[in-house]
Amino acid sequence: MKRLILLSLALAATMLSWADEAEIADFRVVCKDGTVTNFYGADTEITFSEDAAILYITEGTNLISYAVSGIEAIEFAQSGAYRGKYSYEGNHVNVSIDSADDTSYTTVNEVIPDSESDEKGDFYEHYKPAYTATITYNGDKATCSFSPKKPSVANVIVKGTHVTAMMNDVDGPKINYVLKGSTTNGSFKLYSDKKAQITLSGVSITNPTGAAINIQSGKTMLVQLAEGTTNSLKDGSTYTSVNDEQQKGTFFSEGQLVFADKGTLNVESLGGHGIASDDYVRVRSGKISIFNTKKDGISTKECFIMYGGTLDINAGQDGIDVGEGYIEIGGGKINIHAVDEGITASYEGDEDTGVVDPLITPYINIKGGLIKVSTTGDKGHGIRAMSTFSMSGGIIQSTTKGAGSKALMSEGNMSLTGGKVTAITEGAALYEAEVKDLSSSAAIRSKGVLTITGTTVGVKSTGTGGKGINNAGDIVVKDSRVTILATGATHKSNNLDSRSRGVSTDGKLSVDGGTLFVKSYDAPLHGIHTFSGNAVYGGYQIGE
């Protein structure tokens, strides 16, 4: 028999005070016939019958039962007022992706610093090139012309449609390399001891043997997507090594890549990542589509920053992977379809020694924008931070389909203080033979303290043994609307079982204002499961 419970804590409901009460009860049960019963004591437990028809309240050695259909509300007290309310709401609540999110998200306006404050040199507004090198691809040949003339310290070598530019003088002039035209067997490579600008102005480059654009320089590259142009880059399925140089993807740089302007860039990668940097990637504006990648959509080392533009990724491995740093998103639109990780700050230590550098903090900070992520792989993650995860604005829609997957994951504390989150998992629990245990899917998983303040959160886990929220530490909900659904049955494998739970935490659940709905398929007793108790202005306990 299908058994479910819907828990609604409408905290911040009505302010009801009792003038005739000398002492305010921790909570009271208000029945539809007008009967009111007061309860005192933090150790009071609330449980349900198997069919969710009977509510049991245990206070010390006293046991009182109520027909759920006859309960108007359970109201919790603080400071002489009854703000918390628990009521049976029926079976109408659902969590789904809302198309209205496409236009209702907030952003944080990017602040353009003055030239002296632009420490990283990310803003083209301060870059004034003295020379322009226009490189035009035309089928099986390419040409290069300088304006006003070629500086003596710069050089460009053209071999058919493979173009190599060099600037080996750190004190040399500023140059803007403008790429135009089309080739199906060409490339652009740059060696530079100096920061440069690369303008993609209606160029299409396919390199069957490696990266289409290969920046062998650790300096910042300001990549301008010229307004009104569409640009396409594609690599080959195998790369030919040249002088042991790295070329990790279709667009590769050893240094920083900063994308801006109002054009379009399409990137396809048959042999590596779509866009790869050994430093960091920043997206300021423009429309970037990365698809059909063998590996990651964007792979970068130090950080990924985005405050504008549109980013669409369809990746064979991860959508965005920052290997040794952080992720910061304040605006723009991101839409990712990946197999393993949608967005991840993945640092766990040195790849060879395993030694962890304490100066590296692989956190994720979402301040605004619209982020849509979906993954299909087992044990995959929609968004994962190996340190802390924080969100103060914007909208996240994260869906995972693989067994044992997590839609939103933090190895440290998770703080949601604004915006909207929709997190959905569809995969069943996964048996892991190496540890002989089951790993459940979870819409939200944090290994630290989970704080939800002033945020709209909807989570749903539909796979067998799935969890809505699975937390290692305390859960604190304040002035938020949180809806949690766990609709899968118990998962059984290798003599182990994993029960579906709306909320499961090794710590304490506390709610201070807002609305919390929890619905669990597996049994009413497993809607909320904690090891350290729950507190809602007087406290209650639901679980075993």
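Rules used in this analysis
Residues numbered from 1 in each chain as written. Predicted model: local features only at pLDDT ≥ 70, side-chain atom pairs only at ≥ 80, totals over all residues. Heavy atoms only, no water. Helix = DSSP H or I, 4+ residues; strand = E, 2+ residues; numbered from the N terminus. Buried < 20%, exposed > 50% of the residue type's maximum accessible area, 1.4 Å probe, protein only. 1 Å grid on protein atoms, 1.4 Å probe; cavity = no way out; pocket = protein on both sides within 12 Å on 5 of 7 lines; lining within 4 Å. Points joined across faces, edges and corners; volume = space filled by probe spheres on them. Nonpolar A, V, L, I, M, F, W, Y, C, P; charged D, E, K, R; others polar. Pairing = 2+ DSSP bridges.

Attention now moves to unusual backbone geometry. The peptide bond linking S147 to P148 adopts the cis configuration, its omega dihedral lying at 5°. For P148, the position within the fold is in the loop between β10 (141–147) and β11 (154–159). A positive phi angle, near 85°, is found at D261, a position not held by glycine. One can find D261 in the loop between β20 (257–260) and β21 (264–268). Overall, the relative accessible area of 23% leaves D261 in the partly exposed class. For N495, which is not glycine, the phi torsion reads 65° and is therefore positive. In this fold, N495 is placed in the loop between β45 (491–493) and β46 (496–498).

The next thing to look at is the layout of surface pockets. Looking at the largest pocket, its volume works out to about 530 Å³. Along its surface, the largest pocket is lined by 21 residues, and T300, K301, G323, E324 and E351 are the ones closest to its centre. Of all elements in the fold, only β22 (273–277) and β25 (298–300) reach the threshold of two or more residues within the lining of the largest pocket. Looking at the lining of the largest pocket, its residues break down into 4 nonpolar, 7 polar and 10 charged.

Attention shifts here to the pairing of strand β15 (residues 196–206). One ladder, built from 7 bridges, connects strand β13 (residues 175–183) with β15; its direction is parallel. Residue pairing in the sheet places L179 in a bridge with L200 of β15. Pairing of β15 with strand β17 (residues 221–225), which is carried by 5 bridges, proceeds in the parallel orientation. Across the sheet, residue L200 finds its bridge partner in β17, namely L225. Relative to strand β18 (residues 230–234), β15 runs parallel, the two sharing 3 bridges. Residue pairing in the sheet places T206 in a bridge with K234 of β18.

In short, the description is geometric, and any link to function would need to be established separately.
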